[in-house]
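Survey of secondary and tertiary structure
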Amino acid sequence: MNPMVEFCITNLANGAQTAYDILENDPNIDVLEYGCLSFCMECAEGLYAVVNGDLVTGDDADALVKNIYQYIEDNPMW
């Protein structure tokens, strides 16, 4: 079972698309997009994704990717 990374389409439009594209090319991560993930305040303030149910943020797309990989490393699924 792969880690699940979920993105809001509004946050993708706000700059997270690059992070989405990078993660989507990783065969060890499942990436999904939704119309809304109900983190509107986070979405208005910066970039984020939901990783295995937990919020992960980043100042820019590169930082978001780095933080997502760090979260996955720090929180193994098994």
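An account of the accompanying structure is given in this report. These figures come from a predicted structure and were not determined experimentally.

1. Regarding the overall build of the chain
- Secondary structure assignment for the chain yields three helices and four strands.
- Computed over its C-alpha atoms, the radius of gyration of the chain comes to 11 Å, within 12% of the 12 Å expected for a compact globule of 78 residues.
- Taking the principal axes of the C-alpha coordinates as reference, the chain spans close to 35 × 20 × 20 Å.
- Per-residue burial over the chain gives 37% buried out of 78 residues.
- For the chain, contacts bridging at least 24 residues in sequence account for 61% of all contacts bridging at least 6.

2. Looking at helix 1 (residues 9–24)
- The terminal C-alpha atoms of helix 1 lie 15 Å apart, and with 16 residues this falls more than 12% below the ideal 22 Å at 1.5 Å per residue.
- A maximum bend of about 100 degrees is found in helix 1 at G15.
- Within the sequence span of helix 1, burial applies to N11, L12, A16, A19, Y20 and L23.
- If you follow the buried residues of helix 1, they end up packed against strand 1 (4–8), strand 2 (30–34), helix 2 (40–45), strand 3 (47–51) and helix 3 (61–74).

Cut-off values and rules
- Residues numbered from 1 in each chain as written.
- Predicted model: local features only at pLDDT ≥ 70, side-chain atom pairs only at ≥ 80, totals over all residues.
- Heavy atoms only, no water.
- Helix = DSSP H or I, 4+ residues; strand = E, 2+ residues; numbered from the N terminus.
- Rg over C-alpha atoms; globule rule 2.2 N^0.38 Å.
- Buried < 20%, exposed > 50% of the residue type's maximum accessible area, 1.4 Å probe, protein only.
- Contact = heavy atoms within 4.5 Å.
- Expected span 1.5 Å × (residues − 1).
- Bend = angle between axes of the 7 residues up to and from the residue.

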